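# Residue-level structural notes
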Amino acid sequence: MNLLPFENLPVHTPRTFVPAECNLGDWSELEPLFDRLEEAIGAADDAESLQQWIVDWGELSAALDEESSKRYIAMTCHTDNEDAEKAYLDFVENIDPNCKPRQFKLSSLFLEHPNRMDLPKDRFEVFDRDTAVHVELFREENVPLETEESRTCQQYQKLAGSLTVEFQGEEKTLVQMGRHLEENERKIRQEAWEIVADRRLQEADKFEEQFEELLNLREKIAANAGFDNYLDFAFREKCRFDYGPEECLKFHDAIEQSVMPALRKLQAERREQLGLETLRPWDLAVDPLSRPPLRPFQKAEEMSEKTQRIFDRLDDQCSQDYQLMRELKLLDLANRKGKAPGGYQCTLSESRLPFIFMNAVGVQRDVETILHEAGHAFHALATRDEDIYAYRHAPIEFCEVASMSMELLGNEFLEEFYETAAANRARRTHLEGILSIFPWIATVDAFQHWIYTHPGHSREERTAAWLELMDRFGGDVDWSGYESNRANLWHRQLHIFLHPFYYVEYGIAQLGALQVWANSKENKAKALADYHASLKLGGSRPLPELFEAAGCKFDFSAATVEPLTELVSEELAKTTA
Ligand SMILES: [Zn+2]
């Protein structure tokens, strides 16, 4: 049974190294390929044969990556299918741990190679730099710890995805409950909010235990690699060559200084429009003028067609790219029980094609998500002809520029979904969302800075650190009577569990996306041309150069945050409800 939404994807580049019939889930067939690569680099005696070796190595890595992705896609599309789960876990537990030390060996052999410095510098400096970090951090004894980490992450996903509540006589997933927070009748949205918050709270101990298991594993991994704490390890591992913890702390400060006043102003407006004494947690998603919730579409397929029309109007490249994804069925967009929560874009590295996973239920947020994930997909398609596998991925800080720019640029054509007044309302909601997400990013990031620099902290101390950040970045929301829910709010932020420190990137990237958008207001054709050109670079250049190619500055101090906050505030004033 094929558990994948797509089948028989076209071949981009025929294999020349990995045998066509190779079973990528069978280590006995993979091991000889690693052996061959080790022998081949020994025989490579000039820069040219070393380059060919890099391409062969990339071919194997891409094939393995695609196999892993396919199993992940099958599992997240069918969390209730045991075979899918078994196949994914089998890869995580039996293939990954065998590959890792062999990949490490290949990286080391590359770094020791006498012709390494003869490779063209412009072309290979990023590859060389990143490979060196991989070797520097690798520890054999971390392989089983990382396997354990993946398994615990998968348990978190399973628990979070399995939660349902009984609401208005029906069993609903927590994702499905999201739309009820937009109900105009305050009692209903309060009830919907409470029932979801309490359902999560029932699992609070389990979430805490899972997190502590992860924390413990991560501290061991960092110590094994010779680091004082996991924060320093994570920054190095993420190849953050162009910024460090200091810059992140300054970013948090800039958000506190520039964004918080703008957000408090929006919250005050909302409170007045709703005619409330205080804003409660269930008052944040509803329309402040009590208009019925926006319903951009009924079925996921309708959403997809209208999204196509947006891209048709935006740009030829975007239009063709999205069309291709629809033709090849690289989209699984509708929410249904048994699907993992959230949305993601994942690249099938060997086919060099993107896949988009979503849980669309008919809200405006879904339109934002499809535009966002499509931006990632365009990035993957832009790098299809890049033969160095590592360069077909950009650093996350820039990947999110690709996706978040598309939200802002695509929003210009929201009339495909709505009348103009409703489209303006959706644009306004989006811009408010941008202003509100910065403080949440600062909270989640600062929380992790605290966690991983306070070894041996207690559960109570961790909660106190969280609450301090909620005071700093939570704005004017009244949580009285719901103190436990507030203290455990971070349990719903899957990045803290699954992808430590992978969150500030969204903030850095949002600054890039806002700059692309600001540029498009000056000269749309040039902004889009720069956008596509920067995507094409993939990961072949350092972050500041990728930003520059997109027409942006790589800077997240107050000097950048302040004027962009002003731009958003001005645009918000224009769309006044
Ligand atoms: Zn993204």
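Look a little higher up for the structure.
Small disclaimer: the values here were computed from a predicted structure and weren't measured. (Residues numbered from 1 in each chain as written. Predicted model: local features only at pLDDT ≥ 70, side-chain atom pairs only at ≥ 80, totals over all residues. Heavy atoms only, no water.)

Attention now goes to the overall build of the protein chain. From N to C terminus, the protein chain includes 22 helices and five strands. Whereas a compact globule of 577 residues would reach a radius of gyration of roughly 25 Å, the protein chain reaches 24 Å, a difference of no more than 12%. With the principal axes as the frame, the protein chain shows a C-alpha extent of 75 × 55 × 50 Å. In the protein chain, which comprises 577 residues, the proportion classed as buried is 57%. Counting contacts in the protein chain only where the partners sit at least 6 residues apart, residues at least 24 apart contribute 76% of the total. If you sum the accessible surface of the protein chain, you get close to 24600 Å²; carbon and sulfur atoms cover 48% of it. (Helix = DSSP H or I, 4+ residues; strand = E, 2+ residues; numbered from the N terminus. Rg over C-alpha atoms; globule rule 2.2 N^0.38 Å. Buried < 20%, exposed > 50% of the residue type's maximum accessible area, 1.4 Å probe, protein only. Contact = heavy atoms within 4.5 Å. Areas by Shrake-Rupley, 256 points an atom, 1.4 Å probe, with all protein chains shown as cover.)

Now for the packing of helix α3 (residues 82-112) against helix α4 (residues 121-137). One way to put it is that α3 packs onto α4 with a least axis distance of 9 Å and a crossing angle of 125 degrees. Comparing the axis directions of α3 and α4 gives the class oblique. The handedness of the crossing between α3 and α4 comes out as left-handed. Contacts between α3 and α4 involve Gln103, Phe104, Ser107, Ser108, Phe110 and Leu111 from the former and Phe127, Asp128, Thr131, Ala132, His134 and Val135 from the latter. (Axes fitted to C-alpha atoms, helices over the stretch in contact; angles between N-to-C directions. Parallel < 35°, antiparallel > 145°, perpendicular 65-115°, else oblique. Left-handed = near helix turned anticlockwise from the far one by under 90°.)

Counting across every chain of the model gives two cavities of 30 Å³ or more. In this structure, the largest cavity spans a volume of roughly 100 Å³. Going through the elements one at a time, α2 (47-77) and α5 (142-162) are the ones with two or more residues in the lining of the largest cavity. Broken down by element, the lining of the largest cavity gets its largest block of residues, three residues, from α5. Its residues assigned to classes, the lining of the largest cavity shows two nonpolar, four polar and two charged. Here the second largest cavity defines a volume of roughly 60 Å³. Along the lines of polarity and charge, the residues of the lining of the second largest cavity split into two nonpolar, four polar and three charged. (1 Å grid on protein atoms, 1.4 Å probe; cavity = no way out; pocket = protein on both sides within 12 Å on 5 of 7 lines; lining within 4 Å. Points joined across faces, edges and corners; volume = space filled by probe spheres on them. Nonpolar A, V, L, I, M, F, W, Y, C, P; charged D, E, K, R; others polar.)

With that out of the way, let us pick up the coordination of the zinc ion. Bound to the zinc ion are the protein donor atoms His372 (NE2), His376 (NE2), Glu400 (OE) and Glu400 (OE), situated 2.1 to 2.4 Å from the metal. Classification of the site at the zinc ion as irregular follows from its four donor atoms and the range of 55 to 142 degrees in their angles at the metal. (Donors = N, O, S within 2.8 Å, 3.2 Å for Na, K, Ca; no water. Tetrahedral: all angles 85-135°; square planar, octahedral: opposite > 155°, others 65-115°.)

The subject of this paragraph is the layout of surface pockets. Space inside the second largest pocket adds up to approximately 420 Å³. Contributing to the lining of the second largest pocket are 19 residues, with Leu9, Glu66, Lys70, Glu350 and Ser351 lying nearest its centre.

This next bit is on the side chain of Ser403. Topologically, Ser403 is positioned in helix α14 (residues 396-410). By relative accessible area, which is 0% here, Ser403 ends up buried. Beyond its immediate sequence surroundings of up to four residues, Ser403 is in contact with Leu371, His372, Gly375 and His376.

Right, let's get into the environment of Leu324. Mapped onto the elements of the fold, Leu324 is located in helix α12 (residues 316-327). A relative accessible area of 27% places Leu324 in the partly exposed class. Between the alpha carbons of Leu324 and Leu353 there is a distance of 9.6 Å; along the sequence they are 29 residues apart. If sequence neighbours within four positions are ignored, Leu324 has contacts with Leu353 and Leu381.

This next bit is on the sheet that holds strand β4 (residues 344-348). Strand order in this open sheet of three strands is β3-β5-β4, and the pairing throughout is mixed. For this open sheet the edge positions go to β3 (331-334) and β4, each flanked by a neighbour on one side alone. The mean angle between the axes of side-by-side strands here comes to 15 degrees, regardless of whether they run parallel or antiparallel. Both β4 and strand β5 (residues 353-360) contribute to a ladder of five bridges, which runs antiparallel. Bridging from a neighbouring strand, Gln345 pairs with Ile356 of β5. Sheet strands touched by α2: β3, β4 and β5. Its angle to β4, the strand with the most contacts, is close to 145 degrees. Each of β3 and β5 is contacted by helix α11 (residues 300-314), which is oriented at about 120 degrees to β3, the strand it contacts most. (Pairing = 2+ DSSP bridges.)

The phi dihedral of Gln168 is positive, around 50 degrees, even though this residue is not glycine. Relative to the helices and strands, Gln168 is located in the loop between β1 (164-167) and β2 (170-173). Residues other than glycine seldom take positive phi values, yet Cys239 does so here, at roughly 55 degrees. Here Cys239 lies in the loop between α9 (230-237) and α10 (245-274). A relative accessible area of 22% means that Cys239 is categorised as partly exposed.

The subject of this paragraph is the environment of Ile195. Take Ile195: it is sitting in helix α7 (residues 186-202). With 30 residues separating them in the primary sequence, Ile195 and Val165 have C-alpha atoms 7.1 Å apart.

Counted according to the given criterion, the structure contains 51 salt bridges. Among the ionic pairs, Glu203 bridges to Arg199, the shortest N-O distance being 2.9 Å. Look at Glu203 and you get buried, because its relative accessible area is 9%. Classification of Arg199 by relative accessible area gives buried; the value is 17%. Its salt-bridge partner being Arg427, residue Glu415 comes within 2.6 Å of it at the nearest N-O pair. In this pair, Glu415 is assigned in the loop between α14 and α15 (420-452) and Arg427 in helix α15, connecting sequence segments 12 residues apart. For Glu415, a relative accessible area of 29% gives the class partly exposed. (Salt bridge = Lys/Arg side-chain N within 4 Å of Asp/Glu carboxyl O.)

What follows deals with a negative patch on the surface. The grouping of Asp45, Asp46, Glu48 and Asp118 at the surface amounts to a negative patch. Tracing the backbone shows Asp45 in the loop between α1 (27-43) and α2. (Patch = residues over 30% accessible without salt bridge, like charges linked within 9 Å, V, L, I, M, F, W, Y side chains within 5 Å. Lys, Arg positive; Asp, Glu negative; His and termini not counted. Charge placed at Lys NZ, Arg CZ, Asp CG, Glu CD.)

To continue, consider the packing of α10 against α15. It is at 9 Å that the axes of α10 and α15 come closest, and there the two elements cross at 140 degrees. Viewed along their axes, α10 and α15 adopt a mutual orientation that is oblique. The chirality of how α10 crosses α15 is left-handed.

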